[in-house]
Amino acid sequence: MKLTKKQFKQDFEKRLSTKFAIDIEKAGPQEKLAALSSVVKAYYSKIWQEDNEYKYESKKKQAYYFSVEFLPGKMLKSNLLNLGILDTVREGLADLGIELDSIARLEPDMAIGNGGLGRLASCFMDSAASTGIPLNGNGIRYSYGLFKQKIVDGYQVELPDAWLSNGNPWEVRRSDKAFEVTFGGEVWLEDDGTGKLRPKYRNQERVLAVPYDTPMVGFENTTVNNMCLWKSEVPKDLDLQFQNLDYMRQTAMLSAELYPDNSNYDGRLLRLKQEYFFVSAGLQRLIKHYVSTIQRPITHLADYVSVHINDTHPALCVPELMRILIDEYDIAWERAWNITVKVMSYTNHTILSEALEKWPEEMVKSLLPRIYQIILEIDRRRTAELLPKVGAKLVHSTRIIKDGQVHMANLSIIGSHSTNGVAKLHSDLLKDVELHDFYLIYPERFNNKTNGIADRRWSQIANERLSTVLDETVGKAWRHNLNELKLLEAHKNDTNTLERLQAAKFDDKLRLADYIKENNGITVDPNAIFDVQVKRLHAYKRQLLNVLHILKLYFDIKDQPDIDVYPRVFIFGAKAAPGYHYAKSIIKAINEIANMINNDPDVGNKLKVVFIANYNVSKAEIIIPAANVGEQISLASKEASGTSNMKFMLNGALTIGTLDGANIEIFEAAGKGNFFKFGLDKDEVYEYYRNGNYNARDIYEQNPVVHRILDAFVDGTIPNISAEGPEIFESLTTYNDEYFVLRDFNDYVRAQKDLETLYKDRTAWTKASLMNIANVGKFSSDRTIKEYADAIWHVEEKK
Ligand SMILES: *Cc1c(COP(=O)(O)O)cnc(C)c1O
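Residues numbered from 1 in each chain as written. Predicted model: local features only at pLDDT ≥ 70, side-chain atom pairs only at ≥ 80, totals over all residues. Heavy atoms only, no water.

A.B. asks: Describe the sheet that holds strand 23 (residues 676-677), naming the residues involved and giving the relevant values.
C.D. replies: The strand order across the open sheet formed by six strands is 20-19-18-21-22-23, and the pairing between neighbours is parallel. Since the sheet does not close on itself, it has two edges, and those belong to strand 20 (607-611) and strand 23, each with one partner. Both strand 21 (residues 629-632) and strand 22 (residues 654-657) contribute to a ladder of four bridges, which runs parallel. Note on strand 22: the bridge partner recorded for Q632 is G657. The strands that helix 20 (residues 495-520) touches are strand 18 (529-534), strand 19 (568-573) and strand 20; relative to strand 20, the one it contacts most, it runs at about 70°. Docked against the sheet, helix 22 (residues 581-598) engages strand 19 and strand 20, running at close to 145° with respect to strand 20. (Pairing = 2+ DSSP bridges. Helix = DSSP H or I, 4+ residues; strand = E, 2+ residues; numbered from the N terminus. Contact = heavy atoms within 4.5 Å. Axes fitted to C-alpha atoms, helices over the stretch in contact; angles between N-to-C directions.)

Okay, here's the thing in structure tokens:
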């Protein structure tokens, strides 16, 4: 949009006055933030309205992204950037004596997601809007987002995230578009007099779902998409009748809290309720919109609507759409089923067995009696149809209902026309191993869509210094098309470019060093290697492997005070699920090891260890630009894709990583020598599984370095971990090291050494860093979302 500085200043001052009856001199920072957000909202509202008109008039097919999590982070700067007014507003505010960043920082992170899954959903929302793809988000407006993490005495402490307490300037409550969702009670089928069986209900619990729309502003275009988040309330006509506090509380609970778990299935009733709540409300709204605006018979739904099931949490989309078509629109089963399968598509995000969602049949039956009947019927018909074609073995292994449980992945695959994994390796593993039986039955449904990141946030917003260097080196086209960064390669021997890249990195490191000084009280040297591992804490991600290497360096320094090690700062950021005891023990151990090392005068500046509390999107925006090294060290085959690996690459960090998830594609893109690869590959891991011949204790007993490091957990060397130390020690020895940490240790140390050697050659290192940036184009989620739009949803970009 066009905006002059003068106009902006007028708008801003006027808004302060109309909103808060105050002038700039007297306004506090919260008032400034609210007024600024409100001005920005007014700027995009017109575009939003016009784009809605366009969508209404053109009647083109739209996609709906159902996700129980979104993780957008802060919206202000992203909205300013995408509107093309970031610089104008920054300068205008500066004229008024206000620093944009000090205001923007006050916006609470919108953290209604746990990690990669939710962040991916938000990257997709940004990229869809920015590429003109009509994609509607659909989720839950949790009153409390992911917990805030504090570190107290080295332990994780969880605090509630009341992110809405100052209001949310971006959302629009649409009480006129509320729908009811019902639970429980009894259902039976009754002849309606025409020979048709219709469901009758009794004693149902009714909940009102109220939508809150948050606009997703496209980057310098005319698209503004919508992310709809549902809040649960008591239906209005029940207000008086049900002055029942329990009922009120229960209803509010539905959208109160995000489940803080990651990659772990939690079979609690409230979660199942949440899943049906946003699925039912979202589908009801979509169908109503279709009927009232598209005005075509419901049987043509699949020509106008695509629904995406992001992981299995929204799998109830399948039976819920069936219910709507059959019960509310009188469509015959076969026809309804064909429509449903055409409309639905599904992304699988993990092969970890503990993450596979399945619900006890009894629970589904009592909470969602009609949905249960429909799932039974889907299962029954499919079994009857397939038995003669593929045989009992395959039919049984892929059934939706078995062993008294409803298998949500099976429901998602069977009820949709597309199942995709999120990186090449992951999609291959789905076909070859995890979902092999499904692949035999439905080979045409399986495909890969390698993840990506919204590069605007992770470079233009998070790393303005680097962005400027890139502009000056290759022009600005990369800001619209990340593939343009390929032009950088021509500059890889250009001393001037390399020096400017180094200078930008140094500035970003200074910024992080300041943050660390202020928040951790630790002084770190910006000349040291900044070696970063930030992601959820999970055993399979192997933060522990990183820790063992740190201890090795520590003992090397202790043993040989004159040893020549290049100074390093190891930086961690990680939340553990509140119920994940082992992960919390690792956090405690990291903090105690950090204390031990940082305060040891023998170590000095050679080694620092920093745990940055409350890792979230905004922290990532400070930490990742400052990284020299990104740690992507999961056990091969366990990390479906990873996306922080892509953020690091974009910011010129070199990856030390296993051949897992999208690391493999990053390695191929960056090129040999520009990526430090180590460890078992997935075939070797599967070979161990087949043979069952891994013996971690042998390594402990035979490798003196490993022996000494592990002993440090139990012999008092690392202080204050008398409970956690033995737990970790036992996991690696007695319990045979589930994720092959000890098996990969030596090769990891070797790769770390290679990395250090390269870092000492500043030119060679910076060249390798440049090669990472130059080849990151593929990992833009603009690319990913276009692939979904073309190959799965068949929706067109707005031209
Ligand atoms: C990108 C991101 C993640 C995902 O990180 P992985 O290393 O891919 O697991 C998690 N949390 C936040 C806040 C992120 O920005």
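A.B. asks: Outline the site of the ligand, listing residues and values.
C.D. replies: Residues in close proximity to the ligand total 14 residues, the closest being K535, K541, T643, S644 and K647. Taking K541, its side chain carries an N or O atom lying 2.7 Å from an oxygen atom of the ligand. For the ligand, whose accessible area on its own is 390 Å², the fraction buried by protein is 96%. The pocket occupied by the ligand, as judged from atoms lying within 2 Å of grid points, is the largest cavity. Taken together, the elements giving at least two residues each to the shell around the ligand come down to helix 6 (116-131) and helix 24 (644-650). Here the residues of the shell around the ligand sort into four nonpolar, six polar and four charged. (Near = heavy atom within 4 Å. Polar contact = N/O pair within 3.5 Å; in protein donor to acceptor, adjacent residues only side chain to side chain. Areas by Shrake-Rupley, 256 points an atom, 1.4 Å probe, with all protein chains shown as cover. 1 Å grid on protein atoms, 1.4 Å probe; cavity = no way out; pocket = protein on both sides within 12 Å on 5 of 7 lines; lining within 4 Å. Sits in = over half its atoms within 2 Å of the grid points. Nonpolar A, V, L, I, M, F, W, Y, C, P; charged D, E, K, R; others polar.)

A.B. asks: Please give an account of the UniProt feature "modified residue: N6-(pyridoxal phosphate)lysine" (unreviewed entry) in the protein that cites residues and values.
C.D. replies: Residues given the UniProt feature "modified residue: N6-(pyridoxal phosphate)lysine" (unreviewed entry) here are K647. Along the polypeptide, K647 turns up in helix 24. Judged by its relative accessible area of 7%, K647 falls in the buried class. Those residues in contact with K647, other than ones at most four positions away along the chain, are R119, I453, W458 and I624. (UniProt positions renumbered as here; feature names shortened; annotations may be inferred. Buried < 20%, exposed > 50% of the residue type's maximum accessible area, 1.4 Å probe, protein only.)

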